[in-house]
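# Residue-level structure breakdown
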Amino acid sequence: MLLLSPRSALVSVYCPQIFLLLSSGSYLALSSVVALGANIICNKIPGLAPRQRAICQSRPDAIIVIGEGAQMGINECQYQFRFGRWNCSALGEKTVFGQELRVGSREAAFTYAITAAGVAHAVTAACSQGNLSNCGCDREKQGYYNQAEGWKWGGCSADVRYGIDFSRRFVDAREIKKNARRLMNLHNNEAGRKVLEDRMQLECKCHGVSGSCTTKTCWTTLPKFREVGHLLKEKYNAAVQVEVVRASRLRQPTFLRIKQLRSYQKPMETDLVYIEKSPNYCEEDAATGSVGTQGRLCNRTSPGADGCDTMCCGRGYNTHQYTKVWQCNCKFHWCCFVKCNTCSERTEVFTCK
Ligand SMILES: *[C@@H]1O[C@H](CO)[C@@H](O)[C@H](O)[C@H]1NC(C)=O
Ligand SMILES: *[C@@H]1O[C@H](CO)[C@@H](O)[C@H](O)[C@H]1NC(C)=O
Ligand SMILES: *[C@@H]1O[C@H](CO)[C@@H](O)[C@H](O)[C@H]1NC(C)=O
C-alpha cells in the first residue's frame, strides 16, 4: 500500500490488488498491478504526495509492509464494526467509493486511527523479524541493566518508536490541505499510534538452575492488533466532538478544542475526535458515503445494533428459511467403518428490506 494525495493517499501492494487510500479517507482498489515493481508503482501512481513518493522510491521494501499494515487496519475495522449499520464497508473493496468518509465523523476518526496504528504495528513487527533494512530490534535497550527492578534487557525488544515514526512520516504526509479535516485526521492518526504505544508489553524470562530466577531478561513486545482494535473501538464510543480554532491573523486552522459551551479545553492525546455528526447510515447516500443497510443480515431477537429493528431502520426485514443438513451421531464399527445419521434443522435468517 502506498499513500497518495491529494486525491489519494494509500496504495496497498497486496495480492492480488492494490488499495489506494484516498485523501477523503476512501480506498480505491486496482486489481492485478502486483506484477509492477515498486519503482514503477511509485512513479506511476498519480497524486502521491512528494514526501510519500520519495519514501516509496527509497524504501520499496517498506511499501509492501505499509500496505500490509493498512490492510490489517481495514480488516480490524470490519471486525469491530461487523454488527453496526456502518460496517467499514467501503474500505478495502474493489469499487471506488470516492465519497466515503467525506464527512468528518467519528467513523472517519476510527478509520484514520486504526490505519495509522496498523502501519506502525506492521513496520515494527517487520523490523523485529529482520524483514526491513534500516531497522531491527530496539538497540537502545539491548544489554542494559534495569537496576531498580533487577533484570537485564535481552532478546529482541520491538522498536515501536521506529514503527511509529515511519507511520507518522508516511501516513501523515497525505494531509496537505490546510483545513479542519487535516487537523482532525492528524489528531486521530496520532491517537491510534499512541494507543498502540501505550499497549507495548514487557515479557520476561528467568534463567538459573531448575527455574530459579538468578538472572532475568526482559524485552518489549507488540500487543495483538485485536487488542488495539478493541481499545480504539472504546475510544470511538467515547469520541469527542471538536471545533477548530483559527489563528487570528491568517485565519488558518491552528488547533482543536472540545466543542462545548465555554470550553477552552483541548482533547486528550488518545481521544478520537470528530468535527461533524455521523449520518445514520440507513440509506445509500453517495454524499455521505453511506452504503445503506439494505440486504444486511440482522438478528430478530437481539436488542443491540445488529437487531433487525435497529439495523433495518424500521423498514422491516425479509425472512429466509432453509434446512441445514449435517452428519451426526457417528459411530465407529469394528472393523473398520464409521456410520453416521443425517441430522437436519430448519433455520431462518433475516435480511433488511
Ligand atoms: C517477514 O518475512 C517472512 C518471510 O518472507 C514472512 O513470512 C513474515 O510474515 C514477515 N514478517 C513480517 C512481520 O512482515
Ligand atoms: C457491509 O455491508 C454491506 C451492505 O450494507 C455489505 O454488502 C458488505 O458485505 C458488508 N461488509 C462486511 C465486511 O461485512
Ligand atoms: C441473536 O441475538 C440473541 C440475543 O442477543 C442471541 O442470543 C443469539 O445468539 C443471536 N443469534 C444469532 C444467530 O446470532
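Taking an unreviewed UniProt entry as the reference, the protein chain is identified by name as Protein Wnt belonging to Gorilla gorilla gorilla. Taken verbatim from the UniProt record of the protein chain, the Subcellular location (unreviewed entry) comment is "Secreted, Extracellular space, Extracellular matrix". In its Sequence similarities (unreviewed entry) section, the UniProt record describing the protein chain reads: "Belongs to the Wnt family."

On to the packing of aromatic side chains. Under the criterion given, the structure shown has eight aromatic pairs. Between F81 and F110, the ring centres sit 4.9 Å apart and the planes meet at 75°, which makes this aromatic pair edge-to-face. A residue pair is termed long-range when its members are at least 10 positions apart, and F81 in the loop between α3 (60-80) and α4 (106-128) and F110 in helix α4 qualify at 29 residues. Comparing F81 with F110, the two get one shared label, buried. Between the aromatic rings of W151 and W153, the centroid separation amounts to 4.8 Å while the plane-to-plane angle is 90°, which identifies the pairing as edge-to-face. A single burial state applies to W151 and to W153, both of which are buried. Here a set of aromatic residues connected by ring pairs shows up, and it is made of F81, W86, F110, Y236 and Y281. We note K141 situated over the ring of W153; from NZ or CZ to the ring centre the distance is 5.2 Å.

Right, let's talk about the sheet that holds strand β9 (residues 240-246) for a bit. The pairing of strands in a sheet comes from backbone hydrogen bonds and takes either a parallel or an antiparallel form. Strand order in this open sheet of three strands is β10-β9-β11, and the pairing throughout is mixed. Whereas interior strands pair on both sides, the edge strands pair on one side only; in this sheet they are β10 (253-258) and β11 (273-274). Note: β9 against β11, two bridges, orientation parallel. Among the inter-strand pairings, Q241 is bridged to a residue of β11, identified as Y274. Helix α6 (residues 180-198) rests against β9, β10 and β11 of the sheet, and its axis sits at about 60° to β10.

Here the focus is helix α2 (residues 50-58). Because the α-helix completes a turn every 3.6 residues, residues three or four places apart line up on one side. Every buried residue of α2 is listed here: Q52, I55 and C56. Down the axis of α2, the sector holding all buried residues measures 100°, keeping them to one side. Within α2, the exposed residues directed more than 90 degrees away from the buried face are P50, R51 and S58.

For the rest of this paragraph, the subject is the pattern of salt bridges. Applying the stated criterion across every chain, the model contains 13 salt bridges. One salt bridge connects K194 with D198, and the closest N-O pair in it is separated by 2.9 Å. Taken as a pair, K194 and D198 lie in helix α6 at a separation of four residues, close to a single helical turn. Here D198 falls in the partly exposed class, since its relative accessible area comes to 44%.

Moving on: the site of ligand 1. If you check the shell around ligand 1, you find A125, A126, Q129 and N131 and nothing else. N131 is positioned with one of its side-chain polar atoms (N or O) 2.3 Å from an oxygen atom of ligand 1. Taking 370 Å² as the accessible area of ligand 1 by itself, protein coverage stands at 39%. Here the residues of the shell around ligand 1 sort into two nonpolar, two polar and no charged.

To continue, consider the state of the cysteines. What the rule picks out here adds up to 11 disulfides. Between the sulfur of C206 and that of C213 lies a disulfide, 1.8 Å long from S to S. With the S-S dihedral at roughly -75°, the linkage between C206 and C213 falls on the left-handed side. Note on C206: relative accessible area 39%, which makes it partly exposed. Residue class for C213 comes out partly exposed when judged on its relative accessible area of 38%.

Moving on, we get to the site of ligand 2. Residues in close proximity to ligand 2 include Q78, N87, S89, V291, G292 and R296, which together make up its full environment. In the model, an oxygen atom of ligand 2 is placed 2.8 Å from a nitrogen or oxygen of the G292 main chain. Burial of ligand 2 by the surrounding chains reaches 56%, relative to a free accessible area of 360 Å². Broken down by class, the residue content of the shell around ligand 2 amounts to one nonpolar, four polar and one charged.

About the criteria used
Residues numbered from 1 in each chain as written. Chains lettered and ligands numbered in written order. Predicted model: local features only at pLDDT ≥ 70, side-chain atom pairs only at ≥ 80, totals over all residues. Heavy atoms only, no water. UniProt positions renumbered as here; feature names shortened; annotations may be inferred. Phe/Tyr/Trp six-rings, centres within 6.5 Å; stacked < 30°, edge-to-face > 60°. Helix = DSSP H or I, 4+ residues; strand = E, 2+ residues; numbered from the N terminus. Buried < 20%, exposed > 50% of the residue type's maximum accessible area, 1.4 Å probe, protein only. Lys NZ or Arg CZ within 6 Å of the ring centre and 35° of its normal. Pairing = 2+ DSSP bridges. Contact = heavy atoms within 4.5 Å. Axes fitted to C-alpha atoms, helices over the stretch in contact; angles between N-to-C directions. Arc of directions from axis to C-beta. Salt bridge = Lys/Arg side-chain N within 4 Å of Asp/Glu carboxyl O. Near = heavy atom within 4 Å. Polar contact = N/O pair within 3.5 Å; in protein donor to acceptor, adjacent residues only side chain to side chain. Areas by Shrake-Rupley, 256 points an atom, 1.4 Å probe, with all protein chains shown as cover. Nonpolar A, V, L, I, M, F, W, Y, C, P; charged D, E, K, R; others polar. Disulfide = S-S within 2.5 Å.

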